[in-house]
Amino acid sequence: MAAKKSLGHRSRRPRKGAGSWRWPPPHTPLTTSATPGAQQRSAAIAWLPTLLAKGPEALRREHLRRQPVALRPSRLHCIVLDTSGSMRRHGRLALAKGHAAFMIEQAARLGDEVALLRFGGQGVELLLPPGPARAAGSQRLRPVGGGGGTPLAQALVQAERLLQRTVRKSGPTECWLWLLTDGRALEQPLPPAAQHLVIVDFDDASKPLGRCAAWAARWGAEHRLALPAA
């Protein structure tokens with residue numbers, strides 16, 4: 001199990017700077033080969049390979065070699081937000097909504113895609129379908145309230161289906177699933193099939209149940225604490 005990360009802060013969003021929320025780094029671009037005809041016409045000419053291909057002849061189109069074209073793989077963040085009744089206590093839901101909003105804005109800044117699911121007494125609801133992240137998307141969280149039970153297993157099944165549909169439609173995609181919860185569900189859900197699974201733990205610091213940490217250990221997921229400063 002990965003080491004726990006502390007997200008203690010006074011505001012309702014993670015702080016910036018050293019020791020703050022650790023977001024996935026930008027993609028490492030892949031590159032195509034430099035063979036003729038494989039690059040986009042807009043790619044810059046690689047003059048040394050071009051001159052070597054030309055040799056003593058007059059320069060012709062078939063001699064042109066292009067710079068490798070960077071290919072950025074898609075990355076999708078599926079945020080699964082617990083809005084059950086227990087999340088309303090001690091401001092945990094407001095804190096979790098702040099984290100989710102921050103995540104959407106970070107995804108938009110890096111050009112990632114995002115999807116947002118909520119689960120609570122009204123069942124599971126898709127607030128943002130998979131697509132390019134926009135900072136304005138965080139506004140969908142403003143009217144979100146909480147209450148009722150915790151259909152965690154149902155939410156994770158829907159999240160997994162969403163990720164699978166995206167991969168089938170868009171091709172290879174780096175999938176991140178972020179579960180924001182206080183771990184008060186009585187279910188024993190199976191881990192969703194995602195390349196990267198992170199549980200952000202909003203459990204009660206004074207009387208923790210420890211279920212988020214237990215799920216992370218069983219699922220091989222990363223476990224992060226999201227506790228407000230005292």
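This text follows the structure it describes.
Residues numbered from 1 in each chain as written. Predicted model: local features only at pLDDT ≥ 70, side-chain atom pairs only at ≥ 80, totals over all residues. Heavy atoms only, no water.

Draft legend 1. Spatial organisation of the pairing of strand E7 (residues 173–181). The element E7 is largely enclosed, with a buried count of eight among its nine residues. Two strands pair when backbone bridges link them, and strand E4 (residues 74–82) and E7 are joined in this way by eight bridges, in the parallel orientation. Counterpart to Ile79 in the pairing with E7 is Trp178. Judged from the six bridges that link them, E7 and strand E8 (residues 196–201) form a sheet pairing that is parallel. When the sheet's bridge partners are listed, Leu177 is paired in E8 with Leu197. (Buried < 20%, exposed > 50% of the residue type's maximum accessible area, 1.4 Å probe, protein only. Helix = DSSP H or I, 4+ residues; strand = E, 2+ residues; numbered from the N terminus. Pairing = 2+ DSSP bridges.)

Draft legend 2. Region of the structure containing the pattern of salt bridges. Enumeration according to the criterion identifies eight salt bridges in this entry. Among the salt bridges present, the one from Glu62 reaches Arg60, with a minimum N-O distance of 2.5 Å. According to the relative accessible area criterion, Glu62 is partly exposed, its value standing at 48%. Salt-bridge contacts for Arg75 lead to Asp112; the nearest nitrogen and oxygen are separated by 3.2 Å. Here the residue Arg75 occupies a position in strand E4, and Asp112 occupies one in the loop between helix H2 (92–110) and strand E5 (113–120), the gap between them amounting to 37 residues. The burial state of Arg75 is the same as that of Asp112; both residues are buried. By sharing partners, the salt bridges in this structure join Glu57, Arg60 and Glu62 into a single network. (Salt bridge = Lys/Arg side-chain N within 4 Å of Asp/Glu carboxyl O.)

Draft legend 3. Region of interest: the side chain of Lys54. With respect to the element layout, Lys54 can be found in helix H1 (residues 47–54). No salt bridge is formed by the buried Lys54, whose closest oppositely charged neighbour, Glu57, lies at an N-O distance of 8.1 Å. At 2.9 Å, the side chain of Lys54 forms a polar contact with the backbone oxygen of Glu57. Apart from the residues within four sequence positions on either side, Lys54 is in contact with Leu59 and His63. (Lys, Arg positive; Asp, Glu negative; His and termini not counted. Polar contact = N/O pair within 3.5 Å; in protein donor to acceptor, adjacent residues only side chain to side chain. Contact = heavy atoms within 4.5 Å.)

Draft legend 4. Representation of the packing of aromatic side chains within the structure. If you walk through the whole model with that rule in mind, you get two aromatic pairs. Note on Trp176 and Trp178: the rings are 5.6 Å apart at their centroids and 15 degrees apart in plane angle, and the pair reads as stacked. There is no split in this pair, since Trp176 and Trp178 are both buried. The interplanar angle of 5 degrees and the centroid separation of 6.0 Å between the aromatic rings of Trp215 and Trp219 together place this pair among those described as stacked. Taken together, the positions of Trp215 and Trp219, both in helix H4 (residues 211–219) and four residues apart, correspond to about one turn of that helix. For the pair Trp215 and Trp219, one class covers both residues: buried. (Phe/Tyr/Trp six-rings, centres within 6.5 Å; stacked < 30°, edge-to-face > 60°.)

Function-wise, these values are silent; they only describe arrangement.
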